[in-house]
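Each chain, written out:
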Amino acid sequence: MPEITPFYLSGVPTTGSGTLPVTSPWDGSVVGLMSVPTDAQVEQAVADLDAVRAEAQAMPAHARAGALDHISARLKARAEEIATLITAENGKPLFWSRGEVARAVATFRWAAEETRRFSGDLQRLDTEVTATGRLGVVRRFPRGPVLGIAPFNFPLNLVAHKVAPAIAVGAPILVKPAPATPLTAMLLGEIIAETELPAGMVSVLPVPNDRMAPLVADPRLPVVSFTGSGPVGWAIREQAPRKHLTLELGGDAAVVVNDDWPDLTGAAERIALFANYQAGQSCISVQRVLVHTDVYDAFVTELVTAVEKLPTGDPTAEGVLVGPVINEAAAERIVAWVEEARDAGASVLTGGTHEGTAVAPTVLSGVPAGIRVAEEEIFGPVLTVAQFTDLDEAFTVVNSSRYGLQAGIFTTDVRVAFRAHRDLEVGGLIVGDVPSYRADQMPYGGWKESGIGREGVRSAMNDLTEERVLVLTGLDL
C-alpha cells in the first residue's frame, strides 16, 4: 500500500485524520493515499493566511521573484518525475504531461519576470491649473488572501495559474486541488516550502468538496479564483456575491474552416488532435467544427482519417496521444450523449464506444439542435462537424452557444480574421489554428457562461489586486 501523502499547511507537511485514495484512471490501481485535513487544520490555514497578509504584501519584489524563480527551476529539474505523477493520477498520456510541466515551468518564470516589472504608473495631474505641482502615483495592492480552487484536467499548470500570480503580488493563498488529482499539487507544495516565503503564505489542502461551503463564505478569503464546471462556478457566485471572483468555466469550442485554407489535411490533423488531447477534457478542446460547403466532403474524409490514426491506449506508453477519461462514470455519460445524438438522427462517422474509461475518439455529423452534444460541453473525445455556405452563417452558429471561451478559424484572409475577432463572442480567437492554443502569459477567459475575469500571469496579477492612488503635492514638475 502506498505511503500517506501529507498536505501542506502553512508550508509545513502535515497529516490529518483520514485519507483519500487516488486511483489511476487507466487501470484503477491505487496511485497514492492523500491525507485529508481536519476542520481545525483548515481553520488554522485560513487564520495563518489572514495573519500573514501584511507581511506578504510588504515583501520586496526581489524576494517574491526569487521564490518564483526557485519554483520554476525545481519544476524543471524534476520534470520527468512530475510528468509521471500527472499521468498516474490524471490518465493523460506522458506526451501531454511533459508539455504541462514545461508550461508550469514557464508560468512561474513569467510570474518572476512580471514581479520585477509590477511597478505602477505615474500620472501628471497638472494638466489643470488647479493641480499645478501635483503628481499621481498609481500602484496596485492585493485585495487580500485568495481561495484558489483547481480542476483535475491540468493538475499542475492550473494550480500554477492560481499560485504564481498570488505570490507575484504578495497575496496569501489557500489552494484546493481536485479530489481526483491532489498528488501533483502536493509535490508543488513541497517545492514551494523550499522557498523563503513567509510561513503561512501558501497552504495546499485537499479539502473534500462537501466541506467547501464555509471556505467559500469565509470573509477572511475575499478573493475566490475557481476553474471548473459551470454549475459549481455560478453556485460560488451565489454563495459569495460580495467577493471578488474569477470564474474560468466551460466551453464548447468551435473552429471554422474557410474555403480559402490551402492545407485541408493539415487543418484536419490539428483539429483531430486537439479534439482528443487530454481525452477531450479541456475547456478549449475542439467540439464544434464548421466547414465551408465547397470543401466539406474532402475535409470530412481527411478529418475521419486523422482521428482514426490517433494512437490510443496506455497513457504511460511512449507515443500514445489519447488516454482514458477521468473515470468510468464520465465515459458512460459521454457515450450516452453520443447515443442520444445518434437516436436523434446524427451520423457517427467513427468511434462512439467505450471500454472502461477509454472512450474511442468520435466524430458526429448531422447533429440536430436541442440535444446535449449540441448544447453542452461534452468534456470528452467527441467532435461534431457541420457545413456552412457563408461566413455570416458560420459566425451565427459559433455565437449561438451560451459559452464563449475561445474559437479558431482557418483562413488566409486577414480581413476575415479581423472581422471574426470583432464579431465572435469569445475571449480569444486563434487564426490559422485550433481554439485549443493557449500561451500562458496571454489574457485567458471567457464571455457569457464561460466565466468572468481573466487569467494569464499579468492579467491574473491585475485581477488579484486593486489600484491605490498616491497624490504628491508641491512638486516642481
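Okay, so let's go over this structure. (Residues numbered from 1 in each chain as written. Predicted model: local features only at pLDDT ≥ 70, side-chain atom pairs only at ≥ 80, totals over all residues. Heavy atoms only, no water.)

Before going further, it helps to spend a moment on the sheet that holds strand β7 (residues 135–142). Two strands in a sheet stick together by hydrogen bonds in their backbones, pointing the same way (parallel) or opposite ways (antiparallel). Read from one edge to the other, the open sheet built from three strands follows the order β6-β7-β25, with strand pairing classed as antiparallel. Where the open sheet ends on each side, the last strands, each with one partner, are β6 (121–124) and β25 (465–472). Neighbour-to-neighbour, the strand axes of this sheet turn through a mean angle of 30 degrees, independent of strand direction. Bridge analysis of β6 against β7 gives four bridges, and the strand direction is antiparallel. The residue of β7 that forms the bridge with L122 is V137. (Pairing = 2+ DSSP bridges. Helix = DSSP H or I, 4+ residues; strand = E, 2+ residues; numbered from the N terminus. Axes fitted to C-alpha atoms, helices over the stretch in contact; angles between N-to-C directions.)

Let's shift gears to helix α11 (residues 328–343). If you check α11, its first and last C-alpha atoms are 22 Å apart, about what 16 residues at 1.5 Å a residue would give, namely 22 Å. Listing the buried residues of α11 in full gives A330, A331, I334, V335, W337, V338 and A341. Buried residues of α11, viewed axially, fall in a sector of 150 degrees; they line one side. Across from the buried face of α11, at angles greater than 90 degrees, the exposed residues are A329 and D343. Contacts made by the buried residues of α11 are with β15 (347–350), β16 (354–355), β17 (358–359), β18 (362–365), α12 (372–375) and β19 (382–388). Between the side-chain oxygen at the start of α11 and the backbone nitrogen of A329 there is a gap of 3.3 Å, and the oxygen is on N327. Among the residues trailing α11, G345 stands out with phi positive, at a value near 115 degrees. (Expected span 1.5 Å × (residues − 1). Buried < 20%, exposed > 50% of the residue type's maximum accessible area, 1.4 Å probe, protein only. Arc of directions from axis to C-beta. Contact = heavy atoms within 4.5 Å. Polar contact = N/O pair within 3.5 Å; in protein donor to acceptor, adjacent residues only side chain to side chain.)

Residue placement: E393 occurs in helix α13 (residues 391–399). Those residues in contact with E393, other than ones at most four positions away along the chain, are Q387 and F388.

This next bit is on the side chain of S282. Here S282 lies in the loop between α9 (264–276) and β14 (288–292). Among the polar contacts made by the side chain of S282, one reaches the side chain of Y277 at a distance of 2.8 Å. Residues within four places of S282 in sequence aside, it is in contact with N153, F154, Y277, E377 and F379.

L75, F108, L147 and L215 are the most contacted members of the largest nonpolar core, which has 74 residues in total. If you tally residues by element for this core, the top one is helix α5 (residues 157–169), at eight residues. Among residues more than four places away in sequence, those in contact with L75 are I82, V101, A104, V105, F108, L156, L188 and I191. (Core = buried A, V, L, I, M, F, W, Y, C linked by side-chain atoms within 4.5 Å.)

Here the focus is the packing of helix α3 (residues 79–90) against helix α6 (residues 183–192). Where α3 contacts α6, the axes come no closer than 9 Å and their chain directions differ by 155 degrees. Taken as axis vectors, α3 and α6 run roughly antiparallel relative to one another. Side by side, α3 and α6 meet where E81, I82, L85, I86 and E89 of the first sit next to L183, T184 and L187 of the second. (Parallel < 35°, antiparallel > 145°, perpendicular 65-115°, else oblique.)

Below, the discussion takes up α6. Among the ten residues of α6, nine are classified as buried, and the element is accordingly described as predominantly covered. When α6 is considered as a whole, its buried residues turn out to be L183, T184, A185, M186, L187, L188, G189, I191 and I192.

Attention shifts here to the packing of aromatic side chains. What the rule picks out here adds up to six aromatic pairs. On the basis of an interplanar angle of 85 degrees and a centroid distance of 4.8 Å, the ring pair of F95 and W96 is categorised as edge-to-face. Look at W96 and you get buried, because its relative accessible area is 11%. Their ring planes at 70 degrees and their centres at 5.3 Å tell us that W96 and Y277 sit as a pair that is edge-to-face. Placement of W96 in helix α4 (residues 94–117) and of Y277 in the loop between α9 and β14 is noted, with a sequence separation of 181 residues between them. Side by side, W96 and Y277 carry an identical accessibility label, which is buried. An aromatic cluster is built from F95, W96, F274 and Y277, whose rings are joined through pairwise contacts. The ring of F154 carries K92 above its face, with NZ or CZ at 4.0 Å from the centroid. The cationic tip of R438 hangs over the ring face of Y444; the distance from NZ or CZ to the ring centre is 3.8 Å. (Phe/Tyr/Trp six-rings, centres within 6.5 Å; stacked < 30°, edge-to-face > 60°. Lys NZ or Arg CZ within 6 Å of the ring centre and 35° of its normal.)

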